[in-house]
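Here is what each chain is made of, one letter per residue.
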Amino acid sequence: VVSVICFCYPIAMPSTTITKKPENSSVEVSAEITVESVAKYRAKALKEIASEISIDGFRKGNIPESIIIKNVGEAAIMERTASIAVSDELPVILAREKILAIETPKVTITKLAAGNPITFTAVVTVMPEVNLPDYLAIAKKHNAKKEVARVLDGEVTDMENYLRRERAKIEQIEKGAEPQAAHEGSQKLDEKDLPPLDDDFAKTLGAESADNLRARMRENMLADKERKAAEKIRIATIEEIIEKSKLVLPPILIEHELDRMTDRLAHDVESAGSVLDAYLKSVGKTVDDFRKEWRESATKRAKTQVIVREIAAKENIKPDEAHVAHELEHLKSHHKDVAEAALRAHVESALLPDAVFRSLEVK
């Protein structure tokens, strides 16, 4: 059994108590709304109800309080009052206490009676507390293992021959051959019979000359190898940090990752010219089947997100503002109805992992 530690903070609302529950990554807020505030919210509730109900002899919105009470009952009025009060008061409490909810709080009204304060509790799921290992030492250890990327002459030659075979295939198609037959034919040709990679060929690919094309191929191949080498180190680093970290992951974070993976599947299927239902039928699976298969990966992704945020906070790491601004402008042009603050938060969250890993790579 994990003990519950109560932290009561001196704030403007002394009747508010905050209880942290790290065993399930939640915070319990217990609060009392004063009689004076209840009266204000009750008046608002009466006004809302008056605009919704129809009673013979009265115009909507102009129904006396006594008639409303007679028709809907004091209990219903107080329930509406409590709903309005909590909707107004809880966000203020969370903001004041710097509590960031990651799902809708679960609210329970504990005292509700006309002429009395309203008391309630709200269980708020928050980002879990993380006990990190020495992540700087882990990163340093793995960074030391990074291989120096090199591109061999033979690899450049292989790429040249690939391009020459592609050109041979195109030439055969232009002469009337079917694409599959042209592909098979180009694969059977000896290297000496392939179109030469000369300056004219290179220019059709946007290069200045054959030598320039070879230099660009080598440069691109080297960049790809360096990217893969860095990714290999990053994976090894975060996997060890995850393994040695202590945290209780809220289930909602795993579900959020599974939702993102499901959305990505639907997007990829649509990009391929199909629809999700048809694809699922073709592979004989349901969305739930995929979500079960993805759960382990989603859990690792969720842990990575939590750990990255924790390291960013400890090291004061933020994404490059110029990069954020560039991505933000791109998103704004495609999502004109979404608030800029929400788009910025999305961009910063997406760019944060790369910023954290770049920082760890140079420490």
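Structure first, text after, so check above.
Here the structure is a predicted model, which means the values were calculated and not measured.

Chemist: Would you mind going over the overall build of the protein chain with me for this structure?
Modeler: Scanning the protein chain from N- to C-terminus turns up 13 helices and 5 strands. Since a compact globule built from 363 residues should have a radius of gyration of about 21 Å, the 31 Å found for the protein chain marks it as more spread out than a globular shape. Taking the principal axes of the C-alpha coordinates as reference, the protein chain spans close to 100 × 55 × 40 Å. Counting all 363 residues of the protein chain, 35% fall into the buried class.

Chemist: Explanation requested: the packing of helix H5 (residues 153–174) against helix H6 (residues 179–188) in the structure shown.
Modeler: Think of two packed helices as two axes; the pair is described by the angle between the axes and how far apart they sit. Two elements in contact, H5 and H6, have axes whose closest approach is 8 Å; the angle formed by their N-to-C orientations is 140 degrees. Accordingly, the angle class assigned to the pair H5 and H6 is oblique. In the packing of H5 onto H6, the handedness of the crossing is right-handed. For the pair H5 and H6, contact is made by Arg-165, Ala-168, Lys-169, Gln-172 and Ile-173 and by Pro-179, Ala-181, Ala-182, His-183, Gly-185, Ser-186, Gln-187 and Lys-188, respectively. Among the residues forming the contact of H5 with H6, the class breakdown is 5 nonpolar, 5 polar and 3 charged.

Chemist: Sorry if this is basic, but what is going on with helix H4 (residues 135–143) here?
Modeler: Residues separated by three or four positions in an α-helix point in the same direction, a consequence of the helix having 3.6 residues per turn. Listing the buried residues of H4 in full gives Tyr-135, Ile-138, Ala-139 and His-142. Taken down its axis, H4 places every buried residue within 95 degrees of arc, on the same side. Where H4 is buried, its residues meet helix H8 (210–244), helix H11 (287–315) and helix H13 (340–362).

Chemist: Looking at this model, I keep getting lost on the pairing of strand E3 (residues 26–33). Mind explaining?
Modeler: Consecutive residues of a regular strand have side chains that alternate between opposite faces of the sheet. Across 5 bridges, the pairing between strand E2 (residues 17–21) and E3 is antiparallel. Bridge pairing in E3 links Thr-17 to Ser-30. Hairpin geometry of E2 and E3 is characterised by an intervening segment of 4 residues between the two adjacent antiparallel strands and by a positive phi of about 50 degrees at Ser-25.

Chemist: How should I be thinking about the nonpolar core in this particular structure?
Modeler: Within soluble globular proteins, side chains that are nonpolar generally end up buried alongside one another. Counting 36 residues, the largest nonpolar core has Leu-132, Ile-241, Leu-249, Leu-253, Ile-307, Ile-311 and Val-356 as its most contacted members. Taken together, the elements giving at least two residues each to this core come down to H4, H8, helix H9 (251–271), helix H10 (276–283), H11 and H13. Per-element accounting of this core gives the leading share, 9 residues, to H11.

Chemist: Just to check I follow, could you spell out the environment of His-323 for this structure?
Modeler: You can see His-323 is positioned in helix H12 (residues 321–334). It is 63 Å that separates the C-alpha atoms of His-323 and Gly-57, two residues lying 266 residues apart in sequence.

Chemist: Please explain the pattern of salt bridges as it appears in this structure.
Modeler: Should their charged atoms come close, side chains of opposite charge can pair. Tallied over the full model, the rule gives 30 salt bridges. Across the pair Arg-291 and Glu-255 runs a salt bridge whose closest N-O atoms are separated by 3.0 Å. With Arg-291 in helix H11 and Glu-255 in helix H9, this residue pair connects regions lying 36 residues apart in the sequence. Since its relative accessible area comes to 16%, Arg-291 is described here as buried.

Chemist: Is there a simple way to explain a nonpolar patch on the surface in this structure?
Modeler: A surface patch of nonpolar side chains, amounting to about 200 Å² of accessible area, comprises Val-107, Ile-109 and Leu-112. Within the secondary structure, Ile-109 is located in strand E4 (residues 106–111).

Chemist: What is the right way to read the packing of H4 against H8 from this model?
Modeler: At a closest axis distance of 9 Å, the pairing of H4 and H8 adopts a crossing angle of 150 degrees. Here H4 runs over H8; the crossing is right-handed. Along the contact surface, H4 presents Tyr-135, Ile-138, Ala-139, Lys-141, His-142 and Asn-143, while H8 presents Ile-233, Ala-236, Thr-237, Glu-240, Ile-241 and Lys-244. Of the residues in the contact of H4 with H8, the class split is 6 nonpolar, 3 polar and 3 charged.

Chemist: I'm lost on unusual backbone geometry in this one. Help?
Modeler: Phi angles above zero are rare outside glycine, and Ser-25 is one such case at about 50 degrees. The class for Ser-25 is buried, based on a relative accessible area of 3%. At Asn-316, a residue that is not glycine, the phi angle is positive and equals roughly 55 degrees.

Rules and cut-offs
Residues numbered from 1 in each chain as written. Predicted model: local features only at pLDDT ≥ 70, side-chain atom pairs only at ≥ 80, totals over all residues. Heavy atoms only, no water. Helix = DSSP H or I, 4+ residues; strand = E, 2+ residues; numbered from the N terminus. Rg over C-alpha atoms; globule rule 2.2 N^0.38 Å. Buried < 20%, exposed > 50% of the residue type's maximum accessible area, 1.4 Å probe, protein only. Axes fitted to C-alpha atoms, helices over the stretch in contact; angles between N-to-C directions. Parallel < 35°, antiparallel > 145°, perpendicular 65-115°, else oblique. Left-handed = near helix turned anticlockwise from the far one by under 90°. Contact = heavy atoms within 4.5 Å. Nonpolar A, V, L, I, M, F, W, Y, C, P; charged D, E, K, R; others polar. Arc of directions from axis to C-beta. Pairing = 2+ DSSP bridges. Core = buried A, V, L, I, M, F, W, Y, C linked by side-chain atoms within 4.5 Å. Salt bridge = Lys/Arg side-chain N within 4 Å of Asp/Glu carboxyl O. Patch = residues over 30% accessible without salt bridge, like charges linked within 9 Å, V, L, I, M, F, W, Y side chains within 5 Å. Areas by Shrake-Rupley, 256 points an atom, 1.4 Å probe, with all protein chains shown as cover.

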